[in-house]
Amino acid sequence: MALRDIKPTRSELINIKRRIKLSERGYNILKMKRDGLILEFFKVLQQAKDSRGAMQERYARATEMIAIADTVEGAIGVKAAAFSAADRPEITLKSKNIMGVVVPEIEASAVRKNLAERGYGVLGTSAVIDETAEAFEDLLESIIEAAEIETTMKRLLDEIESTKRRVNALEFKVIPELTEASNFIKMRLDEMEREELFRLKKIKARSSS
Amino acid sequence: MAEISSGSAQYIYVCTRMRVRRSQLIPREDYLRMLNMSLPEITRFIEDTGYKSEIDELATAFSGIDLVEVALSWNLAKEYQSILAITPGELMRFTASYLRRWDIQNVLTILRGKTQGMPAGKIREVLIPAGALDRVFLDRMLAEDSPERVVEALKGMRLYPVLEREFPRALETGSFARLENELYKGYYERLLAETKGGVKGGRVFKGYVQLEIDIRNIQNLFRLRAQPTLEDVREMMIPGGSFTVDELQRLSTAESRDEFIDGVKKQVTLPPLLNVLEDLRSERPIHEVEIALTRVQLEQMDRVSKRYPFSITPILVYLEQKKYEVANLRALARGKEAGLPGERIRSYLVM
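Parameters at a glance
- Residues numbered from 1 in each chain as written.
- Chains lettered and ligands numbered in written order.
- Predicted model: local features only at pLDDT ≥ 70, side-chain atom pairs only at ≥ 80, totals over all residues.
- Heavy atoms only, no water.
- UniProt positions renumbered as here; feature names shortened; annotations may be inferred.
- Helix = DSSP H or I, 4+ residues; strand = E, 2+ residues; numbered from the N terminus.
- Rg over C-alpha atoms; globule rule 2.2 N^0.38 Å.
- Buried < 20%, exposed > 50% of the residue type's maximum accessible area, 1.4 Å probe, protein only.
- Contact = heavy atoms within 4.5 Å.
- Areas by Shrake-Rupley, 256 points an atom, 1.4 Å probe, with all protein chains shown as cover.
- Salt bridge = Lys/Arg side-chain N within 4 Å of Asp/Glu carboxyl O.
- Domains from an automatic or database assignment.
- Buried area = accessible area lost by both parts, 1.4 Å probe.
- Pairing = 2+ DSSP bridges.
- Lys, Arg positive; Asp, Glu negative; His and termini not counted.
- Polar contact = N/O pair within 3.5 Å; in protein donor to acceptor, adjacent residues only side chain to side chain.
- Arc of directions from axis to C-beta.
- Axes fitted to C-alpha atoms, helices over the stretch in contact; angles between N-to-C directions.
- Left-handed = near helix turned anticlockwise from the far one by under 90°.
- Nonpolar A, V, L, I, M, F, W, Y, C, P; charged D, E, K, R; others polar.

Named according to an unreviewed UniProt entry, chain B is A-type ATP synthase subunit C originating from Methanoculleus frigidifontis. As stated in UniProt under Function (unreviewed entry), the record for chain B gives "Component of the A-type ATP synthase that produces ATP from ADP in the presence of a proton gradient across the membrane."

Looking at an unreviewed UniProt entry, one finds chain A named A-type ATP synthase subunit D and attributed to Methanoculleus frigidifontis. Comment text from UniProt for chain A, heading Function (unreviewed entry), reads "Component of the A-type ATP synthase that produces ATP from ADP in the presence of a proton gradient across the membrane." Quoted verbatim from the Subunit (unreviewed entry) field of the UniProt record, the comment on chain A reads "Has multiple subunits with at least A(3), B(3), C, D, E, F, H, I and proteolipid K(x)."

Given below as structure tokens:
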């Protein structure tokens, strides 16, 4: 805000004072929100680290199991068993609110199945297929969990970033500029008052002489 | 004279040929050597051992490890068909019946593939025409435009009554598990029925089939016990072995692994099986349990075939040994490709 654009009037001063008060209140609230979001972020960060670790472990296990299944049953046997998968897992996306940030809540159904639900018969397959299917069900479950946690983390980070930008803007730009404008108006009003007083004195002196 | 030529002479002829073929199977030492080879060396070894023609034939359509696997499967199918061609009379009937499990596998693969809308080419890659349904018939089934038409195409064949009964339910529920189990149960029921009626060699064949049923049921019990939610396993058990289905159900509900193994041991008399069951008391992955039990089955079948050198058993033992030769070579190639350590691959080999 350039000082030359400011009208040095009392009403403007009142207006600016009101804005300074509002900005300071907003600044305090946003600072609290930022601190709260950071605390929340660190909680989610720990969960994300755990879920990422679990996902990597499960991925390694699933990769190992598919290699073993290919070894024991052959890719032909594994593909033939894979034809049995009839039901695809369904994902329902809901949302929840963490300090004003809308984050996803993912619910998945039919990820983990028992032997009867997998679609292949027991008599035509071997246990390595069960173990492989189970390993991939575990992996899918942790991918869904990690997706929820990591999206939450990303949204929190974005929100922290924008809140921080707002706090900084208020702290280092908006409030100092408004204070400067307020000081300027005060100074101008004082000056105008002194000018008026001087003018009155001059008129009085001229009229008395 | 006619009696002799249709009886024991044929048995001697076929069993001798099987013995010759068995001697050409890859020996244990070669598998151990292959464990230390790289994948290209294994591929070259496979090419040098009688799988060359299939590898050459399929080289235009497949490459790398897939070529090795498909070539092995084709060779297996060709070998089985050639055995059926040289086996006469009753022996041929038993052998053909025994090989019908491949028909079940192929029909189920086609039905599942068609239900999921897979292209025919993709389904064809997964078929192994080692049973009574040859490649031409399987291609005809693949050309059908719906799974219902595939079932219709099987009208008049052995599998049809079970398919007719179970297929509508499979389509309704979207799961072929029950249909698959029923087809395999029907297969074993039929095998046992064929051994009745005083057919020559029927008793030996029956013993062989019952051993296979017992081993399969024990393997499946180990497998089903690892599942937390299954309560009734009757539907997944094959009747006709040493255990009744109710006994198998009781065993499946045994509290602990030790109690379960004790229950199985009570009804098993085979010493090698008793020894393996004792070893299985410690917790280990189910697929390792299955492999250990399969080894017992093969060793026992080998022993029986030596006791009855001119019966159906040498043929069946050869069929199984050939199947496991293919499985072992595939395991070696796939295991090397996946970077599994040699010791690990060795534990999956049936030698």
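Helix and strand counts for chain A stand at two helices and two strands. Going from N to C terminus, chain A has its helices and strands arranged as α-β-β-α. Over its C-alpha trace chain A gives a radius of gyration of 34 Å, far above what one expects of a compact globule, namely 17 Å for 209 residues. Considering only C-alpha atoms, chain A reaches an extent of 125 × 25 × 25 Å along its principal axes.

Before going further, it helps to spend a moment on the overall build of chain B. Counting its regular elements, chain B contains 19 helices and zero strands. A compact globule built from 351 residues would reach a C-alpha radius of gyration of about 20 Å, and chain B, at 21 Å, matches this within 12%. Here chain B holds 351 residues, and the buried ones make up 54% of them. Taking contacts inside chain B between residues at least 6 apart in sequence as the whole, the part at least 24 apart equals 65%. Element-wise, carbon and sulfur atoms account for 52% of the exposed surface of chain B, whose accessible area totals about 15700 Å².

Here the UniProt-annotated "coiled-coil region" (unreviewed entry) positions come out as residues 146-173 of chain A. The distance separating the terminal C-alpha atoms of residues 146-173 of chain A is 39 Å; by composition the span is 100% helix and 0% strand.

Below, the discussion takes up the pattern of salt bridges. All names here are of chain A. One pass over the full model with this rule turns up 48 salt bridges over all chains. In this structure, Glu191 engages Arg188 in a salt bridge whose closest nitrogen and oxygen atoms are separated by 3.0 Å. In this pair, Glu191 and Arg188 both sit in helix α2 (residues 127-208), three residues apart, roughly one turn of the helix. Exposure remark for Arg188: the relative accessible area of 25% places this residue in the partly exposed category.

Residue and element names in this part refer to chain B. Split into domains, chain B comes out as domain 1 (1-86 + 311-342), domain 2 (90-201) and domain 3 (215-309). Averaged C-alpha coordinates put domain 1 and domain 2 at centres separated by 24 Å. Every contact between the two is made by 18 residues of domain 1 and, on the other side, 17 residues of domain 2. Summing both sides of the interface, domain 1 and domain 2 together bury roughly 1700 Å²; the carbon and sulfur share of this comes to 74%. A per-residue breakdown of the area domain 1 buries against domain 2 is headed by Tyr11, Leu84 and Ile312, which together make up 34% of the total. Along the contact surface separating domain 1 from domain 2 lie zero salt bridges.

Turning our eyes to something else, we now look at the pairing of strand β1 (residues 90-98) of chain A. On a regular strand, each side chain points to the face opposite its neighbour's, so the side chains alternate between the two faces of the sheet. Residue and element names in this part refer to chain A. Of the strand pairs in this sheet, β1 and strand β2 (residues 101-109) are connected by nine bridges, and their pairing is antiparallel. Counted as the bridge partner of Thr92 is Glu107 from β2. Between β1 and β2, which follow one another and run antiparallel, lie two residues, and Met99 among them has a positive phi close to 50°.

Further remarks concern the side chain of Asp214 of chain B. Residues and elements named next belong to chain B. Among the secondary structure elements, Asp214 is positioned in helix α13 (residues 202-225). At 12 Å, Lys206 is the nearest oppositely charged side chain to Asp214, a buried residue that forms no salt bridge. There is a polar contact of 2.4 Å between the side chain of Asp214 and the side chain of Ser242. Apart from the residues within four sequence positions on either side, Asp214 is in contact with Gly241, Ser242 and Phe243.

Another aspect to go through is helix α15 (residues 257-267) of chain B. Residues and elements named next belong to chain B. Arg257, Phe260, Ile261, Gly263 and Val264 are the residues of α15 that are buried. For α15, the arc enclosing every buried residue in end-on projection is 155°, short of the 170-degree limit, so these residues lie on one face. Residues of α15 that are buried in the fold lie against α13, α14 (245-252), α16 (271-279) and α17 (286-307).

Looking now at the environment of Arg257 of chain B. Residue and element names in this part refer to chain B. For Arg257, the position within the fold is in helix α15. Arg257 sits in the buried class, given a relative accessible area of 14%. Along the backbone, Arg257 and Phe222 are 35 residues apart, and their C-alpha atoms lie at a distance of 8.9 Å. Once residues lying within four places of it in the same chain are set aside, the contact partners of Arg257 are Phe222, Arg225, Leu280, Arg281, Ser282, Glu283, Arg284 and Val289.

Residue and element names in this part refer to chain B. It is at 9 Å that the axes of α17 and helix α18 (residues 313-338) come closest, and there the two elements cross at 145°. Once α17 is placed against α18, the crossing between them reads as left-handed. Seen from α17, the contacting residues are Thr294, Leu298, Met301, Asp302, Val304 and Ser305; seen from α18, they are Thr313, Pro314, Val317, Glu320, Gln321 and Tyr324. Of the residues in the contact of α17 with α18, the class split is six nonpolar, four polar and two charged.

Contacts between the two partners involve 41 residues from chain B, matched on the other side by 34 residues from chain A. One can count three salt bridges joining chain B with chain A. Linking Glu64 of chain A and Arg344 of chain B is a salt bridge whose minimum nitrogen-to-oxygen distance equals 2.6 Å. Counting the contacts that link chain B with chain A gives 22 residue pairs in polar contact (both at pLDDT 80 or more). Sorting the residues of the side of chain B that touches chain A by element identifies α5 (64-86), α7 (100-115), α12 (177-194), α13, α17, α18 and α19 (342-348) of chain B as the ones contributing at least two each. Looking at the side of chain B that touches chain A, its residues break down into 18 nonpolar, 12 polar and 11 charged.

Another point: the environment of Tyr11 of chain B. Residue and element names in this part refer to chain B. Mapped onto the secondary structure, Tyr11 falls in helix α2 (residues 8-23). Judged by relative accessible area, Tyr11 falls into the buried class, the value being 5%. Taking the C-alpha atoms as reference points, Tyr11 and Leu293, 282 residues apart in sequence, are found 29 Å from one another.

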